[in-house]
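# Remarks on the overall topology
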Amino acid sequence: GAGVSQSPSNKVTEKGKDVELRCDPISGHTALYWYRQSLGQGLEFLIYFQGNSAPDKSGLPSDRFSAERTGGSVSTLTIQRTQQEDSAVYLCASSFYQETQYFGPGTRLLVL
Amino acid sequence: DQQVKQNSPSLSVQEGRISILNCDYTNSMFDYFLWYKKYPAEGPTFLISISSIKDKNEDGRFTVFLNKSAKHLSLHIVPSQPGDSAVYFCAASVISGTYKYIFGTGTRLKVLA
């Protein structure tokens with residue numbers, strides 16, 4: 001079946017603007033995760049959804065970051081008032097409960 | 001504080017030889033470990049995993065070894081192929097928790113033909 005998809009694949013925005021990043025998980029996967037990878041860094045956990053609820057938001061770097069998941073499927077990560085340090089690759093992963101996570105191709109965000 | 005460390009940012013190996021990628025962790029609560037491979041402009045691809053009840057798991061050319069007392073795991077690729085050239089990330093998690101993965105910073109493997 002289809003893998004995890006993310007859109008857009010690339011996003012260039014100006015500092016101070018809001019951006020929305022979308023993730024479509026593998027059909028039937030119950031858990032969804034957002035990570036980000038900054039230049040030269042490993043993958044950094046942001047938030048975890050089980051169904052539509054987010055029991056772990058501990059990785060969100062500031063209150064400018066928020067995420068929601070609807071219908072137990074699609075998730076949107078929103079970054080308000082973007083800053084240059086938000087530039088990174090944002091990766092989404094999904095899994096069936098606590099089984100192995102499968103990643104999408106990522107959204108490359110550049111804040112000018 | 002980096003809980004999962006990959007101290008070698010890069011590694012070059014001749015085709016056909018063994019590649020050994022290393023990973024150290026500090027949190028003794030971790031009980032599940034994984035290796036992912038990442039090509040440029042793609043998301044990480046799952047390679048192999050191991051739970052803390054085992055010390056070795058093998059899948060084809062890939063073998064992961066876990067040394068719990070040393071808090072160390074390694075990925076062996078034998079024989080190495082040019083298509084194995086990628087960035088390799090190790091990750092660790094606590095199964096009883098939210099299952100979020102804590103990743104290392106990656107090792108760039110280059111297999112020379």
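Our subject is the structure listed above.
A few points on the structure. On a predicted model such as this, the values are computed, not experimentally measured, just so you know. Here the residue index of a chain counts from 1 through its sequence in written order. Chains and ligands are labelled sequentially in the order written, the chains with letters from A and the ligands with numbers from 1. Given that this is a predicted model, residues contribute local features only at a pLDDT of at least 70 and side-chain atom pairs are listed and counted only at 80 or more, while totals for whole chains, interfaces and linings are drawn from all residues. Remark: hydrogens and water are excluded; side-chain values derive from all non-hydrogen atoms of the structure.

## Some remarks on the overall build of chain A
In terms of regular secondary structure, chain A is built from zero helices and 11 strands. In sequence order, chain A lays out its α and β elements as β-β-β-β-β-β-β-β-β-β-β. A radius of gyration in this sense is built from C-alpha atoms; the matching globule rule multiplies 2.2 Å by the number of residues raised to 0.38. What you see for chain A is a C-alpha radius of gyration of 13 Å, in line with the 13 Å of a compact globule of 112 residues. Each of the three principal axes of chain A carries a C-alpha extent, and together these read 35 × 25 × 25 Å. For chain A, the share of sequence-separated contacts (at least 6 apart) that also reach a separation of at least 24 residues comes to 52%. Using a 1.4 Å probe, accessible areas were evaluated by the Shrake-Rupley method; residue-level cover was limited to the displayed protein chains. Here chain A has roughly 5,200 Å² of accessible surface; of this, 47% comes from carbon and sulfur atoms. Labels follow the DSSP assignment, with helices taken as runs of H or I lasting at least four residues and strands as runs of E lasting at least two, numbered in each case from the N terminus. By definition, residues are in contact when any of their heavy atoms lie within 4.5 Å.

## So, the interface of chain B and chain A
With 19 residues of chain B in contact, the opposing surface of chain A contributes 20 residues. Carbon and sulfur atoms make up 57% of the surface buried where chain B meets chain A, a total of about 1,600 Å² over both sides. Salt bridge, as used here, is a side-chain nitrogen of Lys or Arg placed within 4 Å of a carboxyl oxygen of Asp or Glu. Linking chain B with chain A are one salt bridge. Here K100(B) and D56(A) are joined by a salt bridge, their closest N and O atoms 3.5 Å apart. In this description, buried area is defined as the sum, over both parts, of the accessible area (probe of 1.4 Å) that is lost when the two are combined.

## Focus: unusual backbone geometry
At the junction of S7(A) and P8(A), the peptide bond is cis and its omega measures out at -10° in the coordinates. Within the secondary structure, P8(A) sits in the loop between β1 (5-7) and β2 (10-13). The omega torsion of the bond from V78(B) to P79(B) falls at -15°, within 30 degrees of zero and hence cis. Residue placement: P79(B) occurs in the loop between β8 (72-77) and β9 (86-93).

## A look at the packing of aromatic side chains
Only the six-membered ring of Trp is used, alongside the rings of Phe and Tyr, when aromatic pairs are assigned; centres must lie within 6.5 Å, and planes under 30 degrees apart are stacked while those over 60 apart are edge-to-face, with the rest tilted. According to the stated counting rule, one finds 15 aromatic pairs over all chains in the structure shown. Seen in terms of ring centroids, Y33(A) and Y35(A) are 6.4 Å apart; in terms of plane orientation they differ by 25°. Their pairing is stacked. You can call Y33(A) buried: its relative accessible area is 0%. In textbook terms, an aromatic cluster arises when at least three aromatic residues are bridged by ring pairs, as seen for Y33(A), Y35(A), F45(A), Y48(A), F103(A), Y36(B), F46(B), F89(B), Y101(B) and F103(B). Burial classification: accessible surface area is computed with a 1.4 Å probe over protein chains only, and a residue below 20% of its type maximum counts as buried, one above 50% as exposed, and the rest as partly exposed.

## So, the layout of surface pockets
Quantified by volume, the largest pocket comes out at close to 450 Å³. What lines the largest pocket is a set of 21 residues, and nearest its centre among them are Q37(A), G40(A), V87(B), F89(B) and R108(B). Elements that contribute at least two residues to the lining of the largest pocket include exactly β9 (88-95) of chain A together with β9 and β11 (107-112) of chain B. When grouped by side-chain class, the residues that make up the lining of the largest pocket number nine nonpolar, nine polar and three charged. There is about 340 Å³ of room inside the second largest pocket. Cavity means a closed set of points on a 1 Å grid over the protein atoms alone, one where a 1.4 Å probe fits but cannot get out, pocket means an open set with protein on both sides within 12 Å along at least 5 of 7 lines, and lining means a residue has an atom within 4 Å of a point. Forming the walls of the second largest pocket are 18 residues, and the residues nearest its centre are L43(A), E44(A), F45(A), I102(B) and F103(B). Residue assignment for the lining of the second largest pocket shows that the elements contributing at least two residues are β4 (31-37) and β5 (43-50) of chain A together with β10 (102-103) of chain B. Grid points are joined across faces, edges and corners, and a volume is the space filled by probe spheres set on the points. Three classes are used: nonpolar for Ala, Val, Leu, Ile, Met, Phe, Trp, Tyr, Cys and Pro, charged for Asp, Glu, Lys and Arg, and polar for all others, with Gly counted as polar.

## Some thoughts on the environment of V4(A)
Residue and element names in this part refer to chain A. Residue placement: V4 occurs in the segment before β1. Spatially, the C-alpha atom of V4 lies 6.2 Å from that of F103, the residues being 99 residues apart in sequence. Setting aside residues up to four positions removed in sequence, V4 forms contacts with C23, D24, P25, I26, C92, S94, Y102, F103, G104 and P105.

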